[in-house]
Amino acid sequence: MYTSTTNRRSFIKKMAVLSAMTAAATMFPGIMFAGEQEKNLPKGGNLDWKKAPCRFCGVGCGVLVGIENGKAVAVKGDPKSPVNKGLCCVKGYHSVMAMYGKDRLTKPLVKKNGKYVETSMKEALDLIASKMKETIKDHGKDSVSIYGSGQWTIPDGYVASKLFKGCIGTNNVEANARLCMASAVTGFLTSFGIDEPMGCYEDIDHADVFVLWGNNMAEMHPVLFSRLLDQRLKRGVKIIDFATRTTRTSMAADKSILFLPQTDLAVANAICYEIIKNGWVNKSFVEKHCNFNKGLTNMGYGLEDKYKFKDKPEKISFQDYKKFLEDYTPEKVEKISGVSAKDIKYMAAYYGDPNKKVMSLWCMGPNQHSRGTWMNNLIYNIHLLTGKISTPGNSPFSLTGQPSACGTVREVGTLTHKLPHGVVMNKEHREFAAKIWDVPVENIDPKPTYHTVEMFRALDRGDIRFMWIQVTNPMVTMPKLKRYRDAAKKEGRFIVVSDVYPTPTTDIADVILPSAMWIEREGMYGNSERRTQYFEQMIQPPGEAMSDTWQLIEVAKRLGYEKQFYYNEDTHIEEIYTEYRKHHDNKKHNMAPLEVLKENPGMQWPYVEGKPTQWRFNSKYDPACSNGEDFHFYGKKDGKAIIWQRPYEPAAEEPDAEYPYWLNTGRVVEHWHTGSMTRRIPVLHKAMPHSYVELNPEDAKRMQIKNGDKVKLTTRRGEIILPASVNQRGVPAPMQVFVPFFDENMLINDITLDSFCPISKEPDYKKCAVKVEKA
Amino acid sequence: MRKRLGIISLFIILCIAFIAIWNYSYYQGQEEAYIPIENNRPIPIIPSETGVFQRSEFALDYANMPVDENHQRSMKTYYDNRAFHGAPPSIPHEVTSERSMGENTCLKCHENGGYVDKFEAYAPVTPHPEMVNCRQCHVPQKTQSLFKGTNFKKGTIPAVGINNALAGSPPVIPHQLQLRENCLACHAGPSAPKEIRVTHPERINCRQCHVPNNKVTEDIGNFIRKIEN
């Protein structure tokens, strides 16, 4: 296309002439200032831009929303946000369109004789309150429950916890983050005694090698992945994709290593074996800062109702640990995992090289894992053995999938055993919370009740009679879905759903409340790197839609808790946040005041003496370190992190003669979670209109399945028919299939298994046995 | 003795070389000294201006290139595949590989543009070729149907040709510059929409005369002279 006849010399000559002319031009009179020039300009394209964290994933990109005549009309990345530095992904750029779907819920709906009838917000809230009172009277306080979400803003989760745990006195508070982050939490608690990553996104700008553990970052955390690619362009960093399936991430990575499902446990241990064998252990670090522990094994998979498990940690010596690892030589692990000994040594060599800074990144791969807590522990083991932790660029980094999985579920503590600070089992923690909540300490029950899967099982059994579901879509996301859908439809169950659109979950509701979403109200989210971000109300919610926070407050008042829910309608978000901050008023977790959040693109906690903490446990950066050493793992009493002896154990249901394939589920870049928002964004729906099943090309060829052919998947739970996707977005390894879960018309979770990690109680959506046939 | 001088000096050289290499590799092998990280690096408020020169090497080619009037784009087609003004465009054609990154696929055509027979059009040039995970933001459209309808309305699109304050004065930039800092990518060459194709691509330093008119820059209120003494 170019007629590039100009050579360099003539180009430079012309340039010189040009610049001389330009210089001359500036000497002419009549030059104007920009302000004067702009005075009479039309307003087109000159929108009012307001900052918010993105509505979708846990990366927590800063976005600027363009408002015109009271409507959100455009989005761009916030260049001031240190998270995304001005870049977004396709979901973020089109996020405001998610508020304008035609079927937006604008009025409360109450089910009467099998039909939904429009009613007023007041009547609906009255009904909910009276139904709650009635249920508590008839079946006890533990028969009412709330199921929230990592998309709850901080105030939503806070008032939910205060109402249910503090006022009603039941620990029936759970959130969908149990299905995605629970293993990360138990991983942190067992290894470090305190939740959430020690590092931050800035580690990406310092690390030399990135190991992605079962993490298709190019699609799931694209903005961070672009930051990795940018670093590769500038500094030549290495990206290693360690996964079960070939994806865009594998294509972009410098090396793609495939392992068989569940064997990441063995490979991680083999890496530790190599590190010790080759003398790559950072001895002084391990001696000063680490203990060795082992726990129970053969824990089971939680498949039966009322399954209980409690780990028994036991101290071991380094020699014991070394002996245990002898079962995990690269040569032995090669046979289990399908990863060559050479590749294991390759990864170990990067972790072991003292001159390389290594960042491990993971999300649902190690978390939605029947040994999720173990897998998290094992990754920390590698970083602890080599001392590559809590310093810029040396970072085991657990990513999240929801905008406030960290901010709300993990920090506010909307899980059955948690309080905003500490756990319900601890007397001091209960007393501390009760004081701030202004409730008698006896109100807070010292016994945790149900985790998410068990909560839905309790609904099935009838132990739970009332459930309020907010900002989440469990009738698409629960594993072994059919059982729980039938449970919710049973006689004598009362379900309230607060949402913005009709979903399979509103289909089972007795009352549907229209919610105000995202920037239609005020709130805060907390992202993966401990960053709390505030957003103001920018536009009016449609119809009678009301924020989840205010819905809860209205019901709490009707239940007679006016004293605890004293908040003023105009200032309640500020009041709640100020009250919430009291729970974290210490050097290890202090949250920034609201004024600081308003002025900045978010602020990381611990926020101490006016400064955020980027690297925790490192005394150079973290003011909470008090042992006088370089590092202080203050989550544990003796200030030491724990290296865990965790073996390889098989998955709950592995392929056999009858069901010979592995079934894996996950997401795609265009859709977020169950697609209730992204499918209403035309650009995204048109790009990815429906779900599909990915097959390995060899398997497809053998079964004579072409791209687009109908394929029947059968598991012990049921069957489903999906169009085939051969050699498209992703390529599963032979004898494995992959299905995205966003499509409510093709509910893959009808056939997944509800096995979970016994420690974290997080289900394993990535592994069950399936039969594949041409339909 | 004389005879051996050669071999002895060779050994001496080898010896020195050995010591030098030994020392070099020893220091290389040592762990890097700790470099403190500077906290809170200021993030520039004004969008980076470096992009403006990115395609300047082609400026003269653009100037000399004849206009192919039969295959030029217009603002209408420009906005057809954008959800709103400033949104990343969707991909209006099929993509060969669902899985690959952009550097060996998308960028083959969209880095420098060129006429594509199949589509009877010139490939638009990307203003940010350094970002290779193209389909992080740009997605193809596989269906025309919708899941549910939408009430979303495109905001006002800035008009072309009225952005100058005086007759003949240089128009201001009416759009956001983020990811579009490289002016020539969209405003020059055969793929540039006819309404916004620049008549003088060879001048390169666009923002010498054309200033942004948007609220990216911090509002500091009215400018008031500070009078001292």
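Residues numbered from 1 in each chain as written. Chains lettered and ligands numbered in written order. Predicted model: local features only at pLDDT ≥ 70, side-chain atom pairs only at ≥ 80, totals over all residues.

Student: Even after reading the chapter, I still don't get the overall build of chain B, so can you show me in this structure?
Tutor: Within chain B, the regular secondary structure consists of 5 helices and 2 strands. Ordered by position in the sequence, the α and β elements of chain B form the string α-α-α-α-β-β-α. Out of the 229 residues belonging to chain B, those deemed buried represent 26%. In chain B, the proportion of contacts linking residues at least 24 apart, taken out of those at least 6 apart, comes to 75%. (Helix = DSSP H or I, 4+ residues; strand = E, 2+ residues; numbered from the N terminus. Buried ≥ 20, exposed ≤ 12 C-beta atoms within 10 Å, placed from the backbone. Contact = placed C-beta atoms within 7 Å.)

Student: How should I be thinking about the sheet that holds strand S11 (residues 255-258) of chain A in this particular structure?
Tutor: In sheet architecture, strand pairing relies on hydrogen bonds along the backbone and comes in two forms, parallel and antiparallel. Residues and elements named next belong to chain A. Strand order in the open sheet formed by 5 strands is S11-S9-S8-S14-S15, with parallel pairing between adjacent strands. This sheet does not close on itself; its edge strands, each paired only once, are S11 and strand S15 (395-398). Each neighbouring strand pair of the sheet contributes to a mean axis angle of 15 degrees, computed without reference to strand direction. Sitting on the sheet, helix H16 (residues 372-385) is in contact with strand S8 (209-213), strand S14 (358-362) and S15, with an inclination near 160 degrees to S15. (Pairing = 2+ DSSP bridges. Axes fitted to C-alpha atoms, helices over the stretch in contact; angles between N-to-C directions.)

Student: Help me understand the pairing of strand S18 (residues 511-514) of chain A, please; the structure alone is not making it clear to me.
Tutor: Successive side chains on a regular strand alternate, one facing one side of the sheet and the next facing the other. All names here are of chain A. Going residue by residue along S18, you find Val 511 and Leu 513 tucked away on one face and Ile 512 and Pro 514 tucked away on the opposite face as well. Sheet topology note: the strand S4 (residues 109-112)/S18 ladder contains 2 bridges and is antiparallel. Residue pairing for S18: Val 110 is matched across the bridge by Val 511. In this sheet, S18 lies alongside strand S17 (residues 494-499) in parallel orientation, the contact comprising 4 bridges. Following the sheet pairing, Val 497 is matched in S18 by Ile 512.

Student: Even after reading the chapter, I still don't get the packing of helix H6 (residues 182-192) of chain A against H16 of chain A, so can you show me in this structure?
Tutor: The relative placement of two packed helices comes down to the angle between their axes together with the axis-to-axis distance. All names here are of chain A. Where H6 contacts H16, the two axes come as close as 8 Å, and the packing angle between them is 50 degrees. Viewed along their axes, H6 and H16 adopt a mutual orientation that is oblique. The crossing of H6 and H16 is right-handed. When H6 is examined against H16, the residues Ser 183, Ala 184, Thr 186, Gly 187, Thr 190 and Ser 191 are found in contact with a partner set consisting of Gly 372, Thr 373, Asn 376, Asn 377 and Tyr 380. Residue classes in the contact of H6 with H16 are distributed as 2 nonpolar, 9 polar and no charged. (Parallel < 35°, antiparallel > 145°, perpendicular 65-115°, else oblique. Left-handed = near helix turned anticlockwise from the far one by under 90°. Nonpolar A, V, L, I, M, F, W, Y, C, P; charged D, E, K, R; others polar.)

Student: What's the story with the nonpolar core in this structure? I'm lost.
Tutor: General note: in soluble globular proteins, nonpolar side chains tend to be found buried as a group. Core analysis: the biggest nonpolar cluster contains 249 residues, and Phe 210, Ile 240, Ile 271, Leu 713 and Val 737 of chain A have the highest contact counts within it. In this structure, Tyr 62, Cys 183, Cys 186 and Ala 188 of chain B belong to the second largest nonpolar core, which totals 13 residues. (Core = buried A, V, L, I, M, F, W, Y, C linked by C-beta atoms within 7 Å.)

Student: Mind showing me how you'd approach the environment of Val 223 of chain A here?
Tutor: Residue and element names in this part refer to chain A. The residue Val 223 is located in helix H8 (residues 222-235) in this model. Since 25 C-beta atoms lie within 10 Å of it, Val 223 is described here as buried. For Val 223, the residues in contact, after removing those within four places along its chain, are Val 59, Cys 61, Asn 84, Leu 87, Cys 88 and Cys 89.

Student: Sorry, what's going on with the confidence of the model for chain A here?
Tutor: Do not read the fine detail of predicted coordinates wherever pLDDT is low. Residues and elements named next belong to chain A. Confidence in the prediction of chain A, expressed as mean pLDDT, is 92, and 94% of residues score 70 or more. Confidence drops under pLDDT 50 across residues 1-6; counting only partners more than four residues distant or on other chains, this segment forms 10 contacts. Of the regions scoring below 50 in pLDDT, residues 24-44 engages in 22 contacts with residues more than four places distant in sequence or in other chains. (pLDDT = per-residue confidence, 0-100.)

Student: What am I meant to see in the domain arrangement of chain A here?
Tutor: Interface size is commonly expressed as the accessible surface area that is lost when the partners come together. Residues and elements named next belong to chain A. Domain annotation of chain A identifies domain 1 (48-99), domain 2 (109-180 + 403-530 + 544-566), domain 3 (189-399 + 636-645) and domain 4 (661-774). Between the C-alpha centres of domain 1 and domain 3 the distance comes to 33 Å. Contact residues are listed per partner, giving 9 residues for domain 1 and 7 residues for domain 3. For the side of domain 1 that touches domain 3, the residue count by class is 7 nonpolar, 2 polar and no charged. (Domains from an automatic or database assignment.)

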